[in-house]
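Understanding the architecture of this molecule
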Amino acid sequence: MTRCSLTVRGFVGVCLAAVLAGVAGQAPAAELARLASDTWDQYTPRGKEVDAIEGDWALTNGRLVAVIAQPIAGRNANMTVRNVGGCVIDVTRSDRQSDQLSAYYPGGPQMEWRSIEAQVTDKAEGGGPVERGRSIRVVCKDAGSPQRPSAEVAYTLEDGWDYLLVDITYTNQTDQPLEFEPADQMRADISFEKVADGQPPLFWVYDRWFGQAYGLVAEGRTIESKSDNRTSTIKYLAEGKAGVRLEPGQSVHLQRRLLAGANLLDVKAIANDLAGVEQVAYDLQVRDTAGNPLVDAEVVVQQGEEAYGSGRTDGSARLACRLPAGRFAAAVSAIGCPTRTVDLSGGEQSIELDEPGYVVAAVRNEQGGPIPCKVAFRGREGTEDPYFGHQSGEWGVHNLRYSENGSFRQPLAPGKYDVIVSHGTEHDAVFAQIAVSRGQETALEAVLVRSVQTPGWISADFHSHSSPSGDNTSSQLGRVLNLLCEQVEFAPCTEHNRLDTYQPHLARLNATHLVATCVGMELTGSPGDVNHQNAFPLVLKPRLQDGGAPQTDADPEVQIERLALWDGGSEKLLQQNHPDLGHVFFDKDGDGQPDGGFSKSFQYMDVIEVHPPQWIFQGPTITFGTQERNNTIFNWLQLLNQGHRIPGVVNTDAHYNFHGSGFLRVYLKSPTDDPAEIDTMQMVHAAEHGQVIMTSGPYMEVLLTADEVDPAAGGQQGHAGEQDDTQAATSGTAGDDVQAPSGKATLRVRVQCPNWFDIDRVQVFLNGRPDEKLNFTRSETPERFTGGTIKFDQEIPLTFESDTHVIVAAAGEKSTLGPVMGPDYGKHMPIAVSNPIYVDVDGGGFKPNGDTLGAPLPVMSGRARK
């Protein structure tokens with residue numbers, strides 16, 4: 001049989017169409033396979049939302065492939081799609097596989113489907129792990145309870161069907177009458193269009209961005225549906241009523257067909273076949289006036305004044321569809337081409353659109369080689385901003401074009417554009433204006449200069465997400481592109497409650513030498529301000545639920561310990577995510593009274609997220625409307641003074657791909673500047689040590705050197721971080737301990753920025769307090785600031801009366817990150833904040849001073865808690 005290689009999550013998957021074509025003419029064609037190592041490659045579908053694992057069941061007939069989750073307790077698809085045992089978790093057409101279904105719950109998510117029985121009609125000879133026959137039927141059962149009937153669901157797939165038949169029989173096995181409302185639930189998230197709420201003859205959802213549509217047709221009943229941007233509830237009415245009353249021993253049978261197609265036109269055509277509606281075949285070919293095929297052109301079919309359905313042209317610029325007999329028109333559009341409405345005539349029909357213009361990009365580094373980049377197009381002088389695709393997308397997202405190598409050919413509408421070409425915060429951005437003419441190529445040539453030099457430090461983001469997390473629909477490939485184009489050099493994969501890897505995507509992009517990564521996760525329990533923790537590196541176990549990840553626990557102390565001890569207690573970084581530090585450290589039960597917090601957790605926390613960093617200039621609480629929120633970074637300063645020596649980090653927690661990654665990052669001290677040579681454990685150790693600079697953009701270096709050395713201590717002058725077991729360090733950077741027995745030291749602060757933002761303030765904090773004498777601003781002390789890339793490079797004398805930790809913040813209070821970071825994150829202040837340098841004055845080791853910074857130690861903030 002023909003096989004294709006499979007990535008960890010099945011994005012490449014098996015070419016089922018080719019497999020089944022190889023046995024064309026051999027009846028029967030329906031197949032049922034239990035997914036395991038010997039069936040995985042052949043029977044696991046492709047698609048962004050594939051959640052199949054070993055032990056699930058795949059049904060296919062060469063036209064459709066569906067996966068039924070093994071009917072056991074605890075079978076979850078992802079963090080938010082839970083209790084899917086016995087439900088449909090993947091389904092797509094075999095010839096254009098693009099599973100986008102989160103889950104279809106027949107009977108609703110409260111059902112407890114258990115056991116599975118296979119029934120094969122006209123069974124083929126042979127054996128092994130795959131059952132073959134003219135018809136495949138699998139049956140799961142729910143035992144019911146005193147309050148609800150028992151149920152049996154049967155999934156049937158026959159040769160030639162374009163749908164999965166779903167039958168549920170409810171039986172009242174109690175001695176009392178039971179009343180209930182039969183209802184299904186479908187999770188089709190965020191990027192789907194959905195049929196209007198009400199009583200449609202066909203329930204449907206359609207993701208035009210990823211080429212997948214689903215439908216439900218009821219047999220003998222009326223559908224009533226209601227949807228939000230995630231969940232659709234589908235009821236089945238008889239004589240206008242959804243409720244069913246079953247007397248003891250009585251049963252009711254409900255049948256529906258689950259349809260799948262590449263677009264809404266496909267799904268409607270299948271529904272029309274089932275209804276016996278005569279249909280006419282159309283074969284639309286979309287080209288521009290120069291004869292160029294227009295792939296992914298959108299065709300919206302109209303019947304009179306009403307939109308009937310839509311689809312997109314395939315890789316050969318064709319859209320085949322079937323429509324009921326009658327008159328139809330189509331509004332046809334493509335990126336850069338004006339919409340054209342044409343009457344449809346049936347059979348083959350060529351549709352021409354006016355040519356777009358084209359931008360041909362050649363973005364290079366200073367050596368003339370390829371470089372990843374993010375290119376933003378913004379219309380000017382009446383030209384509209386382009387829209388390349390949904391925020392879940394990959395190379396084209398809203399008005400952004402990502403490129404893994406700096407080269408692309410992008411169609412655009414004629415007009416004038418501002419263009420911004422960037423590659424993260426270490427490179428100057430290129431700002432250009434272009435004019436695009438119809439049918440013409442416009443060259444976009446740019447050299448991205450690495451103006452900011454960061455020897456000995458690499459950039460990282462410890463916290464981001466994509467579709468496997470379950471709370472968003474972003475392509476994981478798109479997330480990796482986003483990270484790559486923002487020059488994030490170390491990025492562990494940290495999906496919610498699932499172990500996963502970025503390696504297949506980096507390999508696909510030929511970028512394994514540009515971004516270092518490892519397997520990790522965010523263990524996401526409740527409440528979110530206490531019980532979310534990231535960890536890496538961890539060991540991925542492919543094809544198991546959650547990649548073999550640990551489970552959450554309602555007790556944050558149990559959960560973080562479980563994560564710490566996972567993989568046999570292996571060494572890993574544990575990060576406390578977006579905490580309310582009052583809740584974590586001081587007010588366990590949330591009653592507003594100090595009680596010691598979740599004290600058993602403290603020993604496991606290696607780093608704490610303290611973003612947003614600009615709040616370091618604010619007080620202990622931040623007001624949002626009528627609510628107050630504890631200021632995490634201020635509370636962190638208080639913690640440091642209490643002796644909780646836990647480094648701070650900032651991360652994006654990105655969920656979507658429109659400027660999602662890049663607006664926050666950390667710099668870690670590293671023995672190599674080459675991402676290809678980064679060792680994960682060296683990154684873990686740097687973070688644990690606090691050798692971390694937190695930033696929204698500026699790159700800051702801090703080095704504290706004691707003015708004198710106590711000869712009795714045997715120390716000597718040295719560079720940042722030079723110390724060993726026998727010598728007390730007299731010089732150090734963020735996270736280091738420095739001895740200054742004279743009470744005097746020199747602090748060197750050096751700040752670099754690219755050409756698209758600035759800093760105008762440098763503030764030194766001593767034991768968490770901003771020292772007024774150590775506050776330097778461009779307006780008050782202009783001589784200390786410079787232009788160009790280096791914005792500040794000063795040696796600042798410090799005097800200490802006692803042990804002191806030193807933190808530096810460099811901010812652009814009159815600047816923003818601007819349009820390079822998009823309409824939302826671009827409003828943020830450029831700021832860098834160092835982790836503390838711990839200065840020991842008396843030679844007895846650093847001792848915290850206990851200062852609470854003029855505010856009580858935090859308890860729960862003013863937000864209501866459950």
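This text goes with the structure placed above it.
Heads up: these notes are all about the structure in this document.

Conventions we followed
- Residues numbered from 1 in each chain as written.
- Predicted model: local features only at pLDDT ≥ 70, side-chain atom pairs only at ≥ 80, totals over all residues.
- Heavy atoms only, no water.
- Pairing = 2+ DSSP bridges.
- Helix = DSSP H or I, 4+ residues; strand = E, 2+ residues; numbered from the N terminus.
- Axes fitted to C-alpha atoms, helices over the stretch in contact; angles between N-to-C directions.
- Contact = heavy atoms within 4.5 Å.
- Phe/Tyr/Trp six-rings, centres within 6.5 Å; stacked < 30°, edge-to-face > 60°.
- Lys NZ or Arg CZ within 6 Å of the ring centre and 35° of its normal.
- Buried < 20%, exposed > 50% of the residue type's maximum accessible area, 1.4 Å probe, protein only.
- Arc of directions from axis to C-beta.
- Polar contact = N/O pair within 3.5 Å; in protein donor to acceptor, adjacent residues only side chain to side chain.

Each strand in a sheet pairs with another by means of backbone hydrogen bonds, the pair being arranged parallel or else antiparallel. In spatial order, the strands read β46-β45-β48-β51; together these four strands make up an open sheet with antiparallel pairing. Whereas interior strands pair on both sides, the edge strands pair on one side only; in this sheet they are β46 (731-732) and β51 (790-799).

Here we come to the sheet that holds strand β22 (residues 306-312). One open sheet accounts for four strands, arranged β22-β21-β24-β25; its pairing is antiparallel. One side of each edge strand has no neighbouring strand; the edge strands of this open sheet are β22 and β25 (337-343). Recorded for the sheet is a direction-independent mean angle of 20° between the axes of neighbouring strands. Bridging between strand β24 (residues 329-334) and β25 involves five bridges; their strand directions are antiparallel. Within β25, the residue paired with Ala-334 across the bridge is Cys-337. Strands in contact with helix α3 (residues 264-275) are β21 (298-303) and β22; relative to β22, the strand with the most contacts, it is inclined by about 115°.

The next subject is the packing of aromatic side chains. One pass over the full model with this rule turns up 19 aromatic pairs. With 6.0 Å between their ring centres and 90° between their planes, Phe-377 and Phe-388 make a pair best called edge-to-face. Here Phe-377 is found in strand β28 (residues 373-380), whereas its partner Phe-388 is found in the loop between β28 and β29 (396-397), with 11 residues between them in sequence. With centroids separated by 6.3 Å and ring planes inclined at 85°, the aromatic side chains of Phe-462 and Phe-490 adopt a geometry described as edge-to-face. Pair noted here: Phe-462 is in the loop between β35 (457-460) and α4 (476-485) and Phe-490 is in the loop between α4 and α5 (503-508), with a separation of 28 residues, a long-range link. An aromatic cluster of at least three residues, connected via ring pairs, comprises Phe-462, Phe-490 and Phe-536. Above the ring of Trp-209, the side-chain terminus of Arg-312 is found at 5.1 Å from the ring centroid.

Here we take up the pairing of strand β34 (residues 441-448). Residue alternation in β34 divides its side chains into a buried set, Thr-442, Leu-444, Ala-446 and Leu-448, and an unburied set, Glu-441, Ala-443, Glu-445 and Val-447. The pairing of strand β27 (residues 357-365) with β34 spans eight bridges and is parallel. For Val-363, the partnering residue across the bridge sits in β34 and is Ala-446.

All of the buried residues along helix α10 (residues 680-689) are Thr-680, Met-683, Val-684, Ala-686 and Ala-687. Angular distribution of buried residues about the axis of α10 spans 165°; they occupy a single face of the element. Where α10 is buried, its residues meet β35, β37 (532-536), β38 (573-576), β39 (607-609), β43 (665-669) and β44 (692-695). The opening residue of α10 is Asp-679, an N-cap whose side-chain oxygen sits 3.0 Å from the backbone nitrogen of Met-681. Positioned one or two residues after α10, Gly-690 has a phi angle of 85°, which is positive.

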